[in-house]
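# Observations on the three-dimensional arrangement
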Amino acid sequence: MGRRMRAFGWGDTPLGPPATWPEALRTLVALMLESRQGMFVAWGPGLTWMCNDAFLPILADKHPAALGRPTAEVWSDAWPTVGPLFDEVLAGRAQRFEDLPVPLVRDGQSTEAWFNFSYNPVRDGAGAIAGVHAVVTETTDKVRAIAALGSQREQFARLFDQAPSFMTMLSGPEHRIDLVNPAYMKLVGHRPVIGLTVAEALPEAAAQGYIDLLDQVYASGEAYVATSAPYAMQTEPGGPVDQRTLDFLYQPIRDPDGQVTGIFVEGADVTERAVLEQRRLALVELGDRIRDFEDPDELAYAAAEILGRTLGVSRAGYGVIDKQAETITIARDWNAPGIQSLAGVLQFRDYGSYIEDLKAGRTVLIADADLDPRSADNAAALKAISAQAFVNMPVTEQGDFVALLYLNHAEARPWTEDELALVREVADRTRAATERRRVEQELRTLAATLEEQVEARTRELRQNEEALRQAQKMEAVGQLTGGLAHDFNNLLAAVSGNLELLESRLLGGRLVGLDRYIDNAQGAARRAAALTQRLLAFSRRQTLDPRPTDINRLIGGLEELIRRSVGPEIEVEIVGAAGLWPARIDPSQLENSLLNLCINARDAMAPNGGRITIETANKWLDQRAASERDLPPGQYLSVCVSDTGTGMTPEVVSRAFDPFYTTKPLGEGTGLGLSMVYGFARQSGGQVRIYSEVGKGTTMCLYLPRFHGKAEEVRRPETPTPGHGDGETVLVIDDEPAIRALIVEVLQDSGYNAIEAADGPEGLKVLESDARIDLLVTDVGLPGGMNGRQVADAARVGRPDLKVLFITGFAENAAVGNGHLAPGMEVMTKPFAMAALANRIRDLIER
């Protein structure tokens, strides 16, 4: 600031060049510039302004323009406040202020700042006052901090006074009470406590050990926390005791050196909460006791005991009332220590006139027998039985006063609404439990008399049910055998007729056209085989050959056959879901099922035609959706065939899967098609469902379990060209000599070595020998105590890589593993083409 003043053009100011300044001014300026205290000098008629570096923070944005200007201009924003002070100084009266508020404009904003300053007059050489010298310190931050602290203190005081919890500040080892809030005064009954020690103000606290706890906290410096602590409050010596329950904290207070100087006490009166919890537990205990007892008298005593302990009374009991005699008979009551039982018969009139209230169904509450007009004349008798205060609550049945729940206390005491509510709750629950026990006993008695009748009726119903079941069974068997006889007779006639014609032509030497009779006989045999497959599928006993299958690809390969089968008048639409999961099913059986469903759909739309839609989708079935379809929850894929045909009635839908049930004209359907579809779906772990509405069409949906893996390529049916071997050895086990011989001949003609066995044990001997065996071909159903699957399993113990082909005319699922075969095992169902057998043998050996 000195350099700036030396460079300043003072000649343009009323002060003139510094060389002309009086000695007093030059001395004062030198003193100011050397000082580290904020100072300014205002000199001359216009009070020209100058200051030192320490004053610049106060000057703020007025610097540097303030130098050399009149003071009134420099401090125009503050002049209404400081101008009169300058006038006083120029009149010879020095001014000194602390924390004087001064309005200022800083950085373009109006604000208020506070200052400590001393304004002093300065005289020139002639002794006249020529200027003002000031020492200034800004105290804005201090003033604001003090104001904020005062606000915080006021806020803390308000919080302290308004806090719902009780608080007090104790000082010194004698625990003198310095500060309390209204909640604390309410707790202690508004006794004078300020300035007293806890022992002086609350003598009952010392008797209950609370002073000792304070001493421990003060000595150890460790806080103490209490939960649900009992406190017997006695606001006056010899006065009534009020039992309270408190949650509280004793927190030591330390000085800057870490020494404990006092204790802060904070807590809450949780008496109401504790009472509610005590009563809740009483009701829980009552519920447990009610479940344990069958005897009504035991129930009544349990209720009395729980009430007596919970409410802290002298006695509680339950008695039977004789309203005419005005007596109560008490079998057993609960009594506090030192209280005598009232068991026996008591006369109400001996203790007052309140029997009239009980007869009217009103509860009697007497807080002090001496003061209540109903008992005052008999108060001595009541006190003699420890009942100066009592509650009598009548128990009624069908409006009649039959029993009494009573509470007695040896001293006068008030009865609160909460206590009465608990008594009523216990009385109601006890009465309900007693009544329930009575009804249960009556029901047991009734049940004993009805037991023989129920057993007799049950036997009769079971006999009728068995008779009905037998009749239904015979009806189904009749339908089944009749249908089978009709179909197989036709097929056998075709086979035998064509063989007879073939024999006749051979004997006559007519060899031309013989293949026609052979084809006819083979066709009839194939139809017979298809019929047995349908029967096995219906019974869900068909042996499947399951493979991981891409259903969309399978349907695509079947599309042309379906279109040819349903005819040109039927539009076929295929909607395959993207990302369709694979399923592990028998592809040929699914093809059969789809073709069957499409033909049924075609027939339902005849003769006008329509549209068939085949649609696939992934399905997540939750518990509800799965139970509706009789399936376990999980992931499935659906294959649905929908038509625009005539639809089905609910009755037809309910019977659609029954064997031999058909709505087609006689001779146009066997009634086994949908049965076969149903059997295939169930055996594959899935389900089939019909959704139909008359006049709007039908949708048949197959639900098949998802397979977690990759699908195999769809295997098309074997070509009739027989396979050829290369000297491999095949063991053939079959108990039917003709079939065994036929298979051996086919094997030998195909280039294989064949070994024969007539039953399981014989075949197993060969397998356990050193003979080379490349493939085992075995019937499933074998005599000798071992079936084909058992033989195969036993053989794989010594030959783990042995390949096995099962052949069966039955559905021996139990033998082949419930329809699922191990790797390297396959199955063929009789009858089969010999070429197909040779191909299957070749495929197995070459794998």
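What this report covers is the structure whose coordinates are included nearby.

Thresholds, definitions, all that
Residues numbered from 1 in each chain as written. Predicted model: local features only at pLDDT ≥ 70, side-chain atom pairs only at ≥ 80, totals over all residues. Heavy atoms only, no water. Helix = DSSP H or I, 4+ residues; strand = E, 2+ residues; numbered from the N terminus. Buried < 20%, exposed > 50% of the residue type's maximum accessible area, 1.4 Å probe, protein only. Contact = heavy atoms within 4.5 Å. Areas by Shrake-Rupley, 256 points an atom, 1.4 Å probe, with all protein chains shown as cover. Pairing = 2+ DSSP bridges. Axes fitted to C-alpha atoms, helices over the stretch in contact; angles between N-to-C directions. Polar contact = N/O pair within 3.5 Å; in protein donor to acceptor, adjacent residues only side chain to side chain. Disulfide = S-S within 2.5 Å. Salt bridge = Lys/Arg side-chain N within 4 Å of Asp/Glu carboxyl O. Bend = angle between axes of the 7 residues up to and from the residue. Core = buried A, V, L, I, M, F, W, Y, C linked by side-chain atoms within 4.5 Å. Parallel < 35°, antiparallel > 145°, perpendicular 65-115°, else oblique. Left-handed = near helix turned anticlockwise from the far one by under 90°. Nonpolar A, V, L, I, M, F, W, Y, C, P; charged D, E, K, R; others polar.

The next subject is the overall build of the protein. For the protein, the count of helices and strands is 26 helices and 28 strands. Here the protein holds 847 residues, and the buried ones make up 43% of them. Taking as baseline every contact in the protein between residues at least 6 positions apart, the subset at least 24 positions apart corresponds to 59%. For the protein, the computed accessible surface area is about 44,300 Å², with 53% contributed by carbon and sulfur atoms.

If you walk across this open sheet you meet the five strands as β18-β20-β21-β23-β22, and the pairing is mixed. The outermost strands of the open sheet, each flanked by one partner alone, are β18 (570-575) and β22 (687-693). Recorded for the sheet is a direction-independent mean angle of 20° between the axes of neighbouring strands. By the bridge criterion, ten bridges tie strand β20 (residues 610-621) to strand β21 (residues 634-643) in an arrangement that is antiparallel. Bridging from a neighbouring strand, isoleucine 612 pairs with aspartate 643 of β21. Contacts from helix α17 (residues 551-566) reach β18, β20 and β21, with the element oriented near 160° to β20.

Along the chain, glutamine 95 falls in strand β3 (residues 95-106). Sequence-wise, glutamine 95 and serine 118 are 23 residues apart; in three dimensions their C-alpha atoms are separated by 5.7 Å. When residues no more than four places from it in sequence are discounted, the contact partners of glutamine 95 are Leu85, Glu88, Val89, Phe117, Ser118 and Tyr119. Of the polar contacts made by the side chain of glutamine 95, one reaches the backbone oxygen of arginine 93; its length is 3.2 Å.

Structurally, a disulfide amounts to a covalent bond that connects the sulfur atoms of two cysteines. Across all of its chains, the model carries one disulfide by this definition. Two residues, cysteine 640 and cysteine 701, share a disulfide whose sulfurs are 2.0 Å apart. Judged by the sign of its S-S torsion, about 110°, the bond between cysteine 640 and cysteine 701 is right-handed. Of the two residues, cysteine 640 sits in strand β21 while cysteine 701 sits in strand β23 (residues 697-705), which places them 61 residues apart along the sequence. Overall, the relative accessible area of 13% leaves cysteine 640 in the buried class.

A word on the pairing of β20. When β18 meets β20, the two strands line up parallel, connected through six bridges. In the strand pairing of β20, isoleucine 574 is matched with isoleucine 614.

If you walk through the whole model with that rule in mind, you get 35 salt bridges. Of the charged contacts, one joins arginine 93 and glutamate 88 as a salt bridge, the two residues approaching to 2.6 Å between their closest N and O atoms. With a shortest N-O distance of 3.6 Å, aspartate 630 and arginine 682 are connected by a salt bridge. Within this pair, whereas aspartate 630 is found in the loop between α19 (623-628) and β21, its partner arginine 682 is found in helix α21 (residues 673-683), the two being separated by 52 residues in sequence. By relative accessible area, which is 48% here, aspartate 630 ends up partly exposed. Residue class for arginine 682 comes out partly exposed when judged on its relative accessible area of 22%.

Glancing now at α17. At leucine 558, α17 shows its strongest bend, of approximately 45°. Among the residues making up α17, those that are buried are Ile551, Leu554, Ile555, Leu558, Ile562 and Val566. Buried residues belonging to α17 abut β17 (547-549), β18, β19 (583-585), α18 (587-605), β20 and β21. Of the residues flanking the start of α17, the one acting as N-cap is aspartate 550, its side-chain oxygen 3.1 Å from the backbone nitrogen of asparagine 552.

Attention now moves to the nonpolar core. Judged by nonpolar contacts, the single largest core of 42 residues is most densely connected at Phe40, Trp49, Met50, Phe55, Trp75, Tyr119 and Val136. Those elements that place two or more of their residues in this core are α2 (23-34), β1 (39-43), β2 (48-51), α3 (56-59), α5 (79-90), β3, β4 (109-123) and β5 (129-138). Aside from chain neighbours lying at most four places away, what touches valine 136 is Gln37, Gly38, Phe40, Phe55, Ile58, Phe115, Asn116, Phe117 and Tyr119. Membership of the second largest hydrophobic core comes to 39 residues, among which are Val566, Leu594, Phe657 and Leu674.

At a minimum axis distance of 10 Å, the contact between α17 and α18 shows a crossing angle of 40°. The angle between the axes of α17 and α18 places the two elements in the oblique class. At the point where α17 passes α18, the crossing takes the right-handed sense. Two secondary-structure elements touch here, α17 through Ile551, Leu554, Ile555, Leu558, Leu561, Ile562, Ser565 and Val566 and α18 through Pro587, Leu590, Glu591, Leu594, Leu595, Cys598 and Arg602. Class assignment of the residues belonging to the contact of α17 with α18 gives a composition of twelve nonpolar, one polar and two charged.

Within the fold, alanine 183 resides in helix α7 (residues 182-187). When the C-alpha atoms of alanine 183 and phenylalanine 160 are compared, they prove to be 9.4 Å apart, with 23 residues separating the residues in sequence. Among all residues touching alanine 183, those that are not within four sequence positions of it are Ala163, Pro164, Ser165 and Phe166.

Pairing of β3 with β4, which is carried by ten bridges, proceeds in the antiparallel orientation. If you follow valine 102 over to β4, its bridge partner there is alanine 113. Hairpin connection of β3 to β4: two residues between the antiparallel strands, including aspartate 107 at a positive phi of 55°.

Moving on, we come to the sheet that holds β1. The strands making up a sheet associate through hydrogen bonds between their backbones, and the pairing can be parallel or antiparallel. The sheet built from five strands is open, its strands ordered β2-β1-β5-β4-β3 with antiparallel pairing. With one partner strand each, in any of the chains shown, β2 and β3 form the two edges of the open sheet. Geometrically, the sheet is characterised by an average inter-axis angle of 30° between neighbouring strands, direction not taken into account. Judged from the five bridges that link them, β1 and β5 form a sheet pairing that is antiparallel. By the bridge assignment for β5, alanine 42 is matched with valine 132. Where α2 meets the sheet, its contacts fall on β1, β2, β4 and β5, and the angle it forms with β1 comes to roughly 160°. Contacts from α5 reach β1, β3, β4 and β5 within the one sheet, and its direction differs from that of β3 by about 140°.

Interpretation in functional terms is not warranted from these geometric data alone.
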